[in-house]
Amino acid sequence: MSISLGSGEGEDAILSQINTTPLVDVMLVLLIIFLITIPVATSSIPVSLPKQRVQERVAKPENVIISVDKAGHIFWHDTPVANMQALVDRLKVVSVTRPQPEVQINGDQAARYESVGQIMAACQRAGIAKVSFITEPPAPGG
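Since we're looking at a predicted model, the values are computed, not measured.

A few words now on the overall build of the protein. Across its full length, the protein holds four helices and five strands. Listing every helix and strand of the protein by position from the N terminus yields α-α-β-β-β-α-β-α-β. Out of the 142 residues in the protein, the part that is buried amounts to 20%. The contacts of the protein with a sequence gap of at least 6 include a subset with a gap of at least 24, amounting to 66%. If you sum the accessible surface of the protein, you get close to 11700 Å²; carbon and sulfur atoms cover 60% of it.

All right, on to the pattern of salt bridges then. Per the stated rule, a full pass over the model turns up one salt bridge. In this structure, R112 engages E114 in a salt bridge whose closest nitrogen and oxygen atoms are separated by 3.1 Å. In this structure R112 comes out as exposed when scored by relative accessible area, which is 57%. Using a relative accessible area of 44% as the deciding quantity, one classes E114 as partly exposed.

Cis peptide bonds are those with omega within 30 degrees of zero, and the linkage from R98 to P99 qualifies with -5°. The phi angle at H77 is positive, at roughly 55°, despite the residue not being glycine. Positionally, H77 belongs in the loop between β2 (74-76) and β3 (79-80).

Another aspect to go through is helix α3 (residues 84-95). Given a rise of 1.5 Å per residue, twelve residues ought to cover 16 Å, and the 16 Å separating the end C-alpha atoms of α3 matches this to within 8%. Buried within α3 we find M84, L87, V88, L91, V94 and S95. The buried residues of α3 occupy an angular sector of 120° when projected down its axis, which confines them to one face. At the N-terminal end of α3, a side-chain oxygen is found 3.4 Å from the backbone nitrogen of Q85, two or three residues along, and the residue is N83.

Our focus in this paragraph is the environment of P80. Counting through the fold element by element, P80 comes out in strand β3. We classify P80 as exposed; its relative accessible area is 56%. Between the alpha carbons of P80 and V68 there is a distance of 9.8 Å; along the sequence they are twelve residues apart. Residues contacting P80, with those up to four places away along its chain left out, are I74 and F75.

Attention now goes to helix α4 (residues 113-126). The terminal C-alpha atoms of α4 lie 20 Å apart, and with 14 residues this matches the ideal 20 Å at 1.5 Å per residue to within 8%. Along α4, the positions that sit buried rather than exposed are S115, V116, I119, A122, C123 and A126. All buried residues of α4 lie within an arc of 115° about the axis, which places them on one face of the element. Exposed positions of α4 whose direction lies more than 90 degrees from the buried face are Y113, Q124 and R125. The inward-facing, buried residues of α4 contact β1 (64-68), β2, α3, β4 (103-107) and β5 (131-133). Looking at the residues trailing α4, positive phi occurs at G127, about 90°.

Together, L23, V26, M27, V29, L30 and I33 line one region of the surface with nonpolar side chains, adding up to about 570 Å² of accessible area. Here V29 shows up in helix α2 (residues 21-42).

Parameters at a glance
Residues numbered from 1 in each chain as written. Predicted model: local features only at pLDDT ≥ 70, side-chain atom pairs only at ≥ 80, totals over all residues. Heavy atoms only, no water. Helix = DSSP H or I, 4+ residues; strand = E, 2+ residues; numbered from the N terminus. Buried < 20%, exposed > 50% of the residue type's maximum accessible area, 1.4 Å probe, protein only. Contact = heavy atoms within 4.5 Å. Areas by Shrake-Rupley, 256 points an atom, 1.4 Å probe, with all protein chains shown as cover. Salt bridge = Lys/Arg side-chain N within 4 Å of Asp/Glu carboxyl O. Expected span 1.5 Å × (residues − 1). Arc of directions from axis to C-beta. Polar contact = N/O pair within 3.5 Å; in protein donor to acceptor, adjacent residues only side chain to side chain. Patch = residues over 30% accessible without salt bridge, like charges linked within 9 Å, V, L, I, M, F, W, Y side chains within 5 Å.

In C-alpha cells:
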C-alpha cells in the first residue's frame, strides 16, 4: 500500500491559476448597486426649485423709481436724495397712499451692495410692501 502525495510542483501550478472571473463579477455587481443607490441617496429631500422667468413690467406713473449710481449716490426718479433719513421720510409719505405704489430699485452693476441694501432697509422702515429690481433682459439665445 502506498499513498501518493502530490508533488510540490502541482500545488504551485494550482495556486497560480486562480480564476479571477468571480472576483470581476462581484466587483461589477457592487459597482451597479453603487450607481443605482447614489441618486436615491442624494435626492431624498423633496425641493421645489424656482424656474427662471423674464417678466416685463409696465411702468406706471405712480411707481417710485430709486436709482443708485456706481459711486453710491441715491436718486428719487432723477432728483438726488440728500441722505437715508430724507429717503425714509419721502417713502413714508408715499406708503400711506392707497393703492400703495411699487418701489423699483435701479442699481448700477458696479454699485456696492451696501447702497442697495440701505435702500431696501429704508423701504422696510417706511412700510413699503412691494419692492422690485430693474434689470436688463438677457441677450437672445442665452
